[in-house]
Amino acid sequence: MTKNADIVLRTEGLKKSFGSLQVTRDLDLALPAGARYALIGPNGAGKTTLINLITGEMRPDSGRILLEGQDVTRTGTAARVRRGLTRTFQINALFPDLTPLEAVTLAICEREGIAGQFWRSLTAHEQAISEGFEILRQLGLADVATKRTRHLAYGQQRLLEIALALATRPKVLLLDEPAAGVPKDESAMLFRVIEALPEHIAVLFIEHDMDIVFSFASRIIVLVAGAVLMEAEPAEVRDDPRVREVYLGSAHHG
Amino acid sequence: MNREATLTATQTTQAPGASLAWLRSRSRWSVFEIAFWLATLLTFYFFPSYLMLASQIAITALFAISVDLVLGYAGIITLGHAMFFGLGAYAAGLLSAKAGWGEPLTGLLFASALAGLVGFVASFLIVRVQHLALIMVTLGLGLLTYELANALSWLTGGTDGLRGIDTWPILGLFDFDLWGYTAYSYTLATLFLGFLISRRIVNSSFGLALRGVRENVRRMPAIGSAYRGHLRKIYTISAAIAGLSGALLAQTTNTVALEVLSFQRSADVVVMLILGGTGRLYGAILGAIIFLLVRDQLSGINPQYWYFGIGLLLMVVVLFMPRGILGGLARLAGRDQ
């Protein structure tokens, strides 16, 4: 097991209910630095709710969230991002009328605390702009850097989701179905990008595509009805009869 | 797998310098802009009998710019911005009529600072609400201010208007004349200054953040933005500029009518922005020019029904150029990809 000190993200006894429906039950998670964890589970297992709880878009009814040992349960979403806890969205949540270069530069300016400077021209922040361009280049978006986001191909928009997250310099990155809706011929670049994410970032991703899960994840957490059914190596998860029954067997690879 | 090796295949010829150059080109002064500002000076020579109207247009354009900053850039829908225009007008007017201080430049500063202060306080309420509630809150604040000024008639003159304003010569040199030479020079110079400030704001990283809020406010926290602070800041700046334009009206006409705070003024300025095009600064100026020129011409023909013409114009623009006249022109010129 990983030592306590290496854990960058930890949840303790996380609970959340909507009315009488318990969507998160006593959830304990521990994500070590550099993790490549996948979160799987059938529809309605509470995966997205869990992400929303971790990022602060929802408040848990009880339990704690610790980022690098610090309690962030009551911290706002933006402040968590500035401390290195960033997510991407399952459905593109981009800035349609901004260009990718502008959007990524904006994220960098927010990170550097210079987004509020109204007296200096944007182009005076040369470092932020060239850093933004470099992120886009690494993700293969250099050609469309100055095109409005709404004119980008869907796969490129998915990549921009990741670019925006990387611009915040995350320590923990939560990817909510990064490949959702991407046609097969556009997905190769996306997989390469996910594979090439900087090693020190702890990554937790939700994914339905089992090919992606088994090729990228070093550990898999199986969530069923808001609780962890099991957490183990991919091979062990694949062979577990309970997982086969609740998840793999019914919905996917038969 | 080696990261560099994986990704070199996707490298392109576009250099980082090119992207910086592209951003610079977006904020550079264009020939059209320089031509436009030079053209504003032609009024002195070609339309000397319209200088008072021209100065009304300059004042209204500055007001429209202040609203464009919140509505066009930050996406805050407001139907109560006359509140800050009126505050500025009364502040400058009262400074002269009640306190006996008619020096115009300090009057402008005083009015602008007061409107900005009230805007700052109001901004804490504004950033808490969205959509319909936002329209109602701004509308409500505007109506409250109007009724407050009406109730304080001992101070404001109520429906009779505030009289007894005496504006001293600008810099002690240029007295306000009957034809409006000084008035137009003064309002045009202030408009230009307000425009320069606004232009710098929209071209800054802060301006980019405002567009981010407008484009997707829900995403802003996810990139680490405490965007409410941005909104409070722009609302305060906008209120200060609106106050500046109100003060100009008080000083150039030496009277303040209750109408400066009216809902009609708040609504008209939104109509101007829709006509000219939101989120472009020049759309605000163009909208003000068209609105006031049409009003001037139509009310000459029929003083009662001039708004019919505005309504018709608005319908045509909204149907055929949903992004305003400037937006439509930019589209035609292919500068809007």
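Residues numbered from 1 in each chain as written. Chains lettered and ligands numbered in written order. Predicted model: local features only at pLDDT ≥ 70, side-chain atom pairs only at ≥ 80, totals over all residues. Heavy atoms only, no water.

Trainee: With reference to specific residues and values, describe the overall build of chain A.
Mentor: Secondary structure assignment for chain A yields 9 helices and 10 strands. Projected onto the principal axes, the alpha-carbon positions of chain A cover approximately 60 × 40 × 35 Å. Every one of the 254 residues in chain A was classed for burial, and the buried ones make up 59%. Pairs at least 24 residues apart make up 66% of the contacts formed inside chain A by residues separated by at least 6 positions. (Helix = DSSP H or I, 4+ residues; strand = E, 2+ residues; numbered from the N terminus. Buried < 20%, exposed > 50% of the residue type's maximum accessible area, 1.4 Å probe, protein only. Contact = heavy atoms within 4.5 Å.)

Trainee: Can you tell me about helix α1 (residues 47-55) of chain A, naming the residues and giving the values?
Mentor: Side chains of residues three or four places apart in an α-helix project in the same direction, reflecting 3.6 residues per turn. All names here are of chain A. Across the 9 residues that make up α1, a large majority, 8, are buried. For α1, the complete set of buried residues consists of Lys47, Thr49, Leu50, Ile51, Asn52, Leu53, Ile54 and Thr55. Where α1 ends, the next residue or the one after it, Gly56, has phi of about 95°, a positive value.

Trainee: Describe the pairing of strand β2 (residues 21-32) of chain A, and please don't skip the residues or the numbers.
Mentor: Residues and elements named next belong to chain A. Looking at chain direction, strand β1 (residues 7-18) and β2 are connected through 8 bridges and run antiparallel. Looking at β2, one finds that Leu14 is bridged to Leu27. Counting the residues between successive antiparallel strands, the hairpin from β1 to β2 contains 2 residues, one of them, Gly19, with a positive phi of roughly 60°. (Pairing = 2+ DSSP bridges.)

Trainee: Could you give an account of the packing of helix α12 (residues 263-276) of chain B against helix α14 (residues 306-320) of chain B, with specific residues and numbers?
Mentor: All names here are of chain B. Put simply, α12 and α14 touch, their axes get as near as 10 Å, and they point 40° apart. Relative to α14, the element α12 is oriented oblique. The two elements α12 and α14 cross, and the hand of that crossing is left-handed. The residues of α14 that touch α12, namely those facing Gln264, Asp268, Val271, Ile274 and Leu275, are Tyr307, Ile310, Leu313, Leu314, Val317 and Val318. Tallied by class, the residues present in the contact of α12 with α14 amount to 9 nonpolar, 1 polar and 1 charged. (Axes fitted to C-alpha atoms, helices over the stretch in contact; angles between N-to-C directions. Parallel < 35°, antiparallel > 145°, perpendicular 65-115°, else oblique. Left-handed = near helix turned anticlockwise from the far one by under 90°. Nonpolar A, V, L, I, M, F, W, Y, C, P; charged D, E, K, R; others polar.)

Trainee: Describe the nonpolar core, naming the residues involved and giving the relevant values.
Mentor: Core analysis: the biggest nonpolar cluster contains 151 residues, and Val104(A), Ile162(A), Ile220(A), Phe84(B), Tyr90(B) and Ile234(B) have the highest contact counts within it. Here this core gets 16 residues from one element, more than from any other, and that element is helix α4 (residues 51-73) of chain B. Sequence-distant contacts of Val104(A), that is, excluding residues within four places in its chain, are made with Gly132(A), Ile135(A), Leu136(A), Leu160(A), Ala163(A), Leu164(A) and Ala167(A). In this structure, Leu29(A), Tyr37(A), Leu50(A) and Leu223(A) belong to the second largest nonpolar core, which totals 25 residues. (Core = buried A, V, L, I, M, F, W, Y, C linked by side-chain atoms within 4.5 Å.)

Trainee: Could you give an account of the environment of Ala111(B), with specific residues and numbers?
Mentor: All names here are of chain B. With respect to the secondary-structure elements, Ala111 resides in helix α6 (residues 104-126). A sequence separation of 27 residues divides Ala111 from Thr138, and the C-alpha atoms of the two residues are 20 Å apart. When near neighbours in sequence (up to four residues on either side) are disregarded, Ala111 contacts Gly88, Ala91, Ala92, Gly243 and Ala247.

Trainee: Go over the pattern of salt bridges with me, naming the residues and quoting the values.
Mentor: Counted under the stated rule, the structure contains 23 salt bridges over all chains. Bridged by salt links that share partners, the residues Asp97(A), Arg148(A), Arg150(A) and Arg323(B) form one connected network. (Salt bridge = Lys/Arg side-chain N within 4 Å of Asp/Glu carboxyl O.)

Trainee: Give me the lowdown on the packing of helix α5 (residues 154-167) of chain A against helix α6 (residues 184-195) of chain A, citing residues and values where you can.
Mentor: The axes of two packed helices give the description: the angle between them and the distance between them. All names here are of chain A. The geometry of α5 relative to α6 is characterised by a closest axis approach of 9 Å and an angle of 15° between their N-to-C directions. Considering their axes alone, α5 and α6 lie roughly parallel with respect to each other. The two elements α5 and α6 cross, and the hand of that crossing is right-handed. Where α5 approaches α6, its residues Tyr154, Gly155, Gln156, Arg158, Leu159 and Ile162 are matched on the opposing element by Glu186, Met189, Leu190, Val193 and Ile194. By residue class, the composition of the contact of α5 with α6 is 7 nonpolar, 2 polar and 2 charged.

Trainee: Lay out the sheet that holds strand β5 (residues 70-71) of chain A in plain terms, naming residues and giving numbers.
Mentor: All names here are of chain A. Strand order across the open sheet formed by 4 strands is β2-β1-β4-β5, with antiparallel pairing between neighbours. Each edge of the open sheet carries a strand with a single partner, namely β2 and β5. In this fold α1 packs onto β1, β2 and β4 (62-67), with an angle of close to 120° to the strand it touches most, β1.

Trainee: Describe in detail the interface of chain A and chain B, supporting the description with residues and values.
Mentor: Counting residues at the interface gives 53 residues for chain A and 44 residues for chain B. Of the roughly 4500 Å² buried at the junction of chain A and chain B (both faces included), carbon and sulfur atoms supply 59%. Contact with chain B buries surface across chain A, with Phe95(A), Phe118(A) and Phe133(A) losing the most and accounting together for 13% of the total. Inspection of the region where chain A meets chain B yields 5 salt bridges. (Buried area = accessible area lost by both parts, 1.4 Å probe.)

Trainee: Pulling in residues and values, what's your account of the sheet that holds strand β7 (residues 172-176) of chain A?
Mentor: Backbone hydrogen bonds are what pair the strands of a sheet, in a parallel or an antiparallel way. All names here are of chain A. In spatial order, the strands read β6-β7-β8-β3-β9-β10; together these 6 strands make up an open sheet with mixed pairing. Of all the strands in the sheet, the pair left with one neighbour each is β6 (85-87) and β10 (227-232). Shown here is a sheet whose adjacent strand axes are inclined to one another by a mean of 20°, direction ignored. Pairing between strand β3 (residues 36-40) and strand β9 (residues 219-224): 4 bridges, direction parallel. Bridge pairing in β9 links Leu39 to Ile221. Taken strand by strand, α5 contacts β6 and β7, and its axis lies near 160° from that of β7.

Trainee: Run through the packing of aromatic side chains, naming residues and quoting values.
Mentor: The tally for this structure, following the rule as stated, stands at 20 aromatic pairs over all chains. A centroid spacing of 4.8 Å and a plane angle of 65° characterise the contact between Trp37(B) and Phe192(B), whose relative ring orientation is edge-to-face. In this pair, Trp37(B) sits in helix α3 (residues 31-46) while Phe192(B) sits in helix α9 (residues 181-202), placing the two residues 155 residues apart along the sequence. Owing to a relative accessible area of 10%, Trp37(B) belongs among the buried residues under this scheme. Residue classification places Phe192(B) among the partly exposed positions, given a relative accessible area of 31%. Ring centres of Phe47(B) and Tyr50(B) lie 6.4 Å apart, and the angle between their planes is 75°; on these two criteria the pair is classed as edge-to-face. Judged by relative accessible area, Tyr50(B) falls into the partly exposed class, the value being 37%. Joined through ring pairs, the aromatic side chains of Trp29(B), Phe36(B), Trp37(B), Phe192(B), Phe195(B) and Tyr282(B) make up one cluster. Sitting over the face of the ring of Phe214(A), Arg238(A) holds its NZ or CZ atom 4.2 Å from the ring centroid. (Phe/Tyr/Trp six-rings, centres within 6.5 Å; stacked < 30°, edge-to-face > 60°. Lys NZ or Arg CZ within 6 Å of the ring centre and 35° of its normal.)

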